[in-house]
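# Structural features, examined
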Amino acid sequence: MIGDIVETKQCQLKDPMDLFHSGQVVKICAPMVRYSKLAFRTLVRKYSCDLCYTPMIVAADFVRSEKARDSEFTTNKGDHPLIVQFAAKEAQILCDAARIVCPFADGIDLNCGCPQRWAMAEGYGACLINKPELVRDMVRHVRNQIDNPRFSVSIKIRIHEDLKRTVDLCQKAEATGVSWITVHGRSVEERHQPVHYDAIKIIKQSMSIPIVANGDIKTLKDAENIHHLTGADGIMVARGLLANPAMFAGYEETPLKCIQDWVDIALEHGTPFTCFHHHLMYMMERITSKQEKKVFNVLSSTSAVLDYLNNHYGV
């Protein structure tokens, strides 16, 4: 489960709450299914990302199965600060999962925002925004059962059509001792509609704990604008970082150095080919022509990808 694979150039190691009290906007890599794994976290940390999340892990499977633990959670010494995100609907299961990762991570996050049908059908993700008492109970249990006072417990939510309900949920969570709340500024039904940054601003003004803004942030300039617009203490990015892992360092598009770093890190970590290739497809989206994409996107082996990068980019 815990690999000592690679040491990374690191911003000074801090626990998450120190980051939020530093006076700087905290730059965060979102939990992304399949993508925000150790190798990618190692990459974005080289480019000014302050805090990384794991992909969402179903807590019940994680607690029950050693195989699930080994495949879902890998970390190393350089992988800090790190938040493990869980999907859960029972307080004790979430506590048991938190206890397993506590020695290796800096906190856990309860997913209350995933809008996918399967998650909501199972009682996970965004359906929890309609169960504030259950969320409060889960946070309280983890707070009571984890001895380490520096171990953070956060939640990631979507907003209600009636924002008063969202503010109520957040205030209940705050009263239970939640460390911070990440707000994706869309409702469960909304997918590609504009993000309601005004709603994030209202939530921020109603709370005394840190609030993280999430949704449609593609560049460092976007991040700065949304910070000013909402007053959020942190900015969480998903697709923007997939397209440009060097975004937080101020690059407008993925620099070749970052592509080289990804190749080195991914090979060192033994990243499966599909994941290795998909990340490169995202990173090169803005710097390749249609014709180049046609060729690159159908390559089917690591050696073919390496040859292509070498021949076309000297990587």
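All figures in this text were calculated on a predicted structure; none of them were measured in a lab. (Residues numbered from 1 in each chain as written. Predicted model: local features only at pLDDT ≥ 70, side-chain atom pairs only at ≥ 80, totals over all residues. Heavy atoms only, no water.)

### Some words on the overall build of the protein chain
The helix and strand tally for the protein chain stands at 15 helices and 9 strands. Rg of the C-alpha trace for the protein chain: 19 Å, near the compact-globule value of 20 Å for 315 residues, within the 12% margin. Over its C-alpha atoms, taken along the principal directions, the protein chain stretches across nearly 55 × 40 × 40 Å. Looking at the protein chain residue by residue over its 315 residues, the buried ones come to 55%. Relative to all contacts within the protein chain whose residues are 6 or more apart in sequence, the contacts with residues 24 or more apart total 68%. A total of about 13,900 Å² of accessible surface is found on the protein chain, and carbon and sulfur atoms cover 50% of it. A gap of 3 Å separates the mean positions of the 37 positive and 37 negative side-chain charges of the protein chain. (Helix = DSSP H or I, 4+ residues; strand = E, 2+ residues; numbered from the N terminus. Rg over C-alpha atoms; globule rule 2.2 N^0.38 Å. Buried < 20%, exposed > 50% of the residue type's maximum accessible area, 1.4 Å probe, protein only. Contact = heavy atoms within 4.5 Å. Areas by Shrake-Rupley, 256 points an atom, 1.4 Å probe, with all protein chains shown as cover. Lys, Arg positive; Asp, Glu negative; His and termini not counted. Charge placed at Lys NZ, Arg CZ, Asp CG, Glu CD.)

### Re the UniProt feature "active site" (unreviewed entry) in the protein chain
When the UniProt feature table is mapped onto this chain, "active site" (unreviewed entry) is found at Cys114. When you line up the elements, cysteine 114 lands in the loop between β5 (107-112) and α6 (117-121). In this view, cysteine 114 contacts Met56, Ala119, Met120, Gly125 and Ala126; residues no more than four positions away in its chain are not counted. (UniProt positions renumbered as here; feature names shortened; annotations may be inferred.)

### Observations concerning the environment of proline 115
In this fold, proline 115 is placed in the loop between β5 and α6. In this structure proline 115 comes out as buried when scored by relative accessible area, which is 16%. Considering only alpha carbons, one finds proline 115 and cysteine 127, 12 residues apart in sequence, at a separation of 7.9 Å.

### Comments concerning the UniProt feature "binding site: FMN" (unreviewed entry) in the protein chain
Feature annotation in UniProt places "binding site: FMN" (unreviewed entry) on Pro31, Met32, Val33, Gln85, His184, Ala238 and Arg239, given in this structure's numbering. From this annotated list, the subset lining the largest pocket comprises Pro31, Met32, Val33, Gln85, His184, Ala238 and Arg239. Of note, proline 31 is situated in the loop between β1 (26-29) and α2 (38-46). Those residues within four positions of proline 31 in sequence are excluded, and the remaining contacts are Ser36, Tyr53, Thr54, Pro55, Met56, Gln85, Lys156 and Met236. Its place among the elements puts glutamine 85 in strand β4 (residues 82-87). For glutamine 85, a relative accessible area of 1% translates into the label buried. Aside from chain neighbours lying at most four places away, what touches glutamine 85 is Pro31, Tyr53, Thr54, Pro55, Met56, Ile57, Asp109, Asn111 and Lys156. (1 Å grid on protein atoms, 1.4 Å probe; cavity = no way out; pocket = protein on both sides within 12 Å on 5 of 7 lines; lining within 4 Å.)

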